[in-house]
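Observations on chain architecture
Below, each chain spelled out in residue letters.
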Amino acid sequence: MTMLTATMFALWTIVLLIAVAVASETTTTTTTKITCNDVDVDGSCSSDNNDLDPTVAQWIEELTVNSLYLNGAWTKPTATSDDDDIDVVDPSTGRTIAHVSVSSKLDVDFAVISARQALDSWSIDTTLDERRRLVSRLLGLYKKHAEQMAQLITHEMGAPIEFSRDAQVGSGSSVMEQFLHDVGRNGDFESEYRLDDDEDTTILHQAIGVVGLITPWNWPMNQIALKVIPALLVGCTVILKPSEQTPLSALFFGQLMHMAGFPSGVFSLVNGYGPNHVGEWLASHTGIDMVSFTGSTRGGTQVSLAAASTSKRVSLEMGGKGANIIFDDLIPDDDSDDTDDFEAAVENGVWQVMSNSGQTCNAPTRLMIPEQYWDYALAVAKETALEIQVGSAHVEGEHIGPVVSKAQYDRIQNYIQSGIHQGATYSVD
């Protein structure tokens, strides 16, 4: 089988990225507006009320009064300047909807002290059944308040509201359910056991200790749940630093943790930036036993460098490119015109890339097919891309929304130009 040339790879990337760029261009035409209660798919307001929805505004105000969760209580960060505040911008409108105070180094130190003080009680004295009970209670609260979580995600990172409800929020609950199933159900999680039939050798599994968790913005609840829940279940105490792009959903998650009744110090939440700030302070802290990071390759490298002198465990999930390989066995050998399976595979690949406005780490952005089917695949991909609607994230529907920020939009434009410089051409105007 002959695979596509480098130029074809670049061309496919252009086909996919241009549609995402169109979503961002829609956003730029509405940057002078604020959120509407009733928004058309083209981003225009259908009502005279141009204010942020009062309910959402109240939620945001309540969340941002105290943006630091330490030792079981909400408080204000210490010794920080208002100039360092995180500005939360609604990608659908370009309007700043919140200011979140960042944590100081002293706050991070206090979070570590609280986590260490709580560690023995949580990992040794608290039974696995009790930890499971608290996570189950958290799951119930999460589902009960799913609409609020969905609205916050939509407002902070631009996921269309239906997608936020079904995929963004849904992925968080699915993760919790999966770990509750996998850890300790029917007694299948043993912390201590004999090695085979060797009575002299015992395997003992212990909680690693205090873990620092640094999560990305593109799937905020999925990533927070993937890190926080298993760590808590096995007896670790955790300090969460969410992405500065999506602090609102993380703050609400922290409120749900508090409502669920987790003991003081078991969970802490610190907001801030990465390099030379909270992310680096967590990675380099000698009181933290492990740091888990999901994000860019550059960010992961910085975390590794910061953690190196402490010899702590480091877990990295960094950037990559997802390959989508379609083989010619989808084309019948009997000289028939049945190309339904091949066409469906190409269409599905485009839809998977466009989902979440292209902002998914495993989006299959590299399509590799037999060269003789290139023209047909390109035509199917183009037709599929053009069918995808783009609009405000606040509108009900199955369209895609804007990308998360102007910086992300500019990055996409740079990728497009890079593809053109390598010989690619536009397939979608």
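Residues numbered from 1 in each chain as written. Predicted model: local features only at pLDDT ≥ 70, side-chain atom pairs only at ≥ 80, totals over all residues. Heavy atoms only, no water.

Here the focus is the overall build of the protein. Helix and strand counts for the protein stand at 13 helices and 13 strands. Within the protein, buried positions represent 51% of all 429 residues. The long-range share in the protein, meaning contacts at least 24 apart out of those at least 6 apart in sequence, stands at 75%. Looking at the protein as shown, the accessible area adds up to about 19,600 Å², and 47% of this sits on carbon and sulfur atoms. (Helix = DSSP H or I, 4+ residues; strand = E, 2+ residues; numbered from the N terminus. Buried < 20%, exposed > 50% of the residue type's maximum accessible area, 1.4 Å probe, protein only. Contact = heavy atoms within 4.5 Å. Areas by Shrake-Rupley, 256 points an atom, 1.4 Å probe, with all protein chains shown as cover.)

With that settled, consider the packing of aromatic side chains. According to the stated counting rule, one finds seven aromatic pairs in the structure shown. Residues Y69 and W74 carry aromatic rings whose centres are separated by 4.8 Å and whose planes lie at 50° to one another, so their mutual orientation is tilted. Arranged with centres 5.6 Å apart and planes meeting at 55°, the rings of F163 and W219 form a pair that is tilted. Placement of the pair is F163 in helix α6 (residues 161-182) and W219 in the loop between β7 (210-214) and α7 (220-233), with a sequence separation of 56 residues. The buried category is assigned to W219, whose relative accessible area is 16%. (Phe/Tyr/Trp six-rings, centres within 6.5 Å; stacked < 30°, edge-to-face > 60°.)

Here we come to the confidence of the model for the protein. Averaged over all residues, the pLDDT of the protein is 86; the fraction at 70 or higher stands at 85%. For residues 1-50, every residue scores under 50 in pLDDT, and the model assigns this stretch 131 contacts once sequence neighbours within four places are set aside. (pLDDT = per-residue confidence, 0-100.)

A surface patch of negative charge is lined by D196, D197, D198, E199 and D200. Its location among the elements puts D198 in strand β6 (residues 198-204). For D198, a relative accessible area of 30% puts it in the partly exposed group. (Patch = residues over 30% accessible without salt bridge, like charges linked within 9 Å, V, L, I, M, F, W, Y side chains within 5 Å. Salt bridge = Lys/Arg side-chain N within 4 Å of Asp/Glu carboxyl O. Lys, Arg positive; Asp, Glu negative; His and termini not counted. Charge placed at Lys NZ, Arg CZ, Asp CG, Glu CD.)

Now for helix α11 (residues 340-354). The first and last C-alpha atoms of α11 sit 21 Å apart over 15 residues, in line with the 21 Å expected at 1.5 Å per residue. Looking at α11, one finds that the buried residues are F342, V346, G349, V350, V353 and M354. Within α11, the buried residues cover an arc of 130° as seen down the axis, which keeps them to one side. With respect to the buried face of α11, the exposed residues turned more than 90 degrees away are D340 and D341. Of the residues trailing α11, N356 is marked for its positive phi of about 60°. (Expected span 1.5 Å × (residues − 1). Arc of directions from axis to C-beta.)

Attention now moves to helix α10 (residues 297-307). For α10, every residue scored as buried is listed here: G299, G300, V303, A306 and A307. The buried side chains of α10 occupy one side of the element, clustering within an arc of 125° when seen end-on. Seen from the open side of α10, the exposed residues pointing more than 90 degrees away from its buried face are R298 and L305. Considering only its buried residues, α10 is in contact with β7, α9 (278-284), β10 (290-294) and β11 (313-317).

Before going further, it helps to examine the layout of surface pockets. Counted as a void, the second largest pocket has a volume near 440 Å³. Every residue lining the second largest pocket is counted, 14 residues in all, and those nearest its centre are S123, H205, Q206, A207 and V234. Secondary structure elements with two or more residues in the lining of the second largest pocket: α3 (105-125) and α4 (128-144). No other element matches the four residues that α3 contributes to the lining of the second largest pocket. Of the residues belonging to the lining of the second largest pocket, the class tally is seven nonpolar, five polar and two charged. (1 Å grid on protein atoms, 1.4 Å probe; cavity = no way out; pocket = protein on both sides within 12 Å on 5 of 7 lines; lining within 4 Å. Points joined across faces, edges and corners; volume = space filled by probe spheres on them. Nonpolar A, V, L, I, M, F, W, Y, C, P; charged D, E, K, R; others polar.)

Moving on: the pattern of salt bridges. The final tally for this structure, using the stated rule, is seven salt bridges. Across the salt bridge formed by E130 and R133, the nearest N and O atoms sit 2.6 Å from each other. Of this pair, E130 and R133 both sit in helix α4, separated by three residues, roughly a single helical turn. Here E130 falls in the partly exposed class, since its relative accessible area comes to 28%.

This part is about the side chain of S92. If you trace the backbone, S92 turns up in the loop between β3 (86-89) and β4 (96-100). A relative accessible area of 7% places S92 in the buried class. Looking at S92, its side chain comes within polar contact range of the main-chain nitrogen of A393, at 2.9 Å. (Polar contact = N/O pair within 3.5 Å; in protein donor to acceptor, adjacent residues only side chain to side chain.)

Burial within β7 is extensive, with five of its five residues counted as buried. Because side chains alternate across β7, one face comprises the buried residues V210, G212 and I214, and the other comprises V211 and L213, equally buried. In the sheet, β7 pairs with strand β8 (residues 237-241) via five bridges, with the strands oriented parallel. Within β8, the residue paired with G212 across the bridge is I239. Sheet analysis places β7 next to β10, joined by four bridges and oriented parallel. Each bridged residue has a counterpart across the sheet, and for G212 the counterpart in β10 is V291. (Pairing = 2+ DSSP bridges.)

Here the focus is unusual backbone geometry. Non-glycine residue S311 carries a positive phi angle of around 60°. Mapped onto the elements of the fold, S311 is located in the loop between α10 and β11. With phi around 60°, N356 is a residue other than glycine that occupies positive phi space. Topologically, N356 is positioned in the loop between α11 and β13 (366-368).

In regular strands, side chains alternate between the two faces of the sheet. As judged from the four bridges shared by β3 and β4, these two strands associate in the antiparallel manner. Its bridge partner being in β4, V89 is matched across the sheet by T96.

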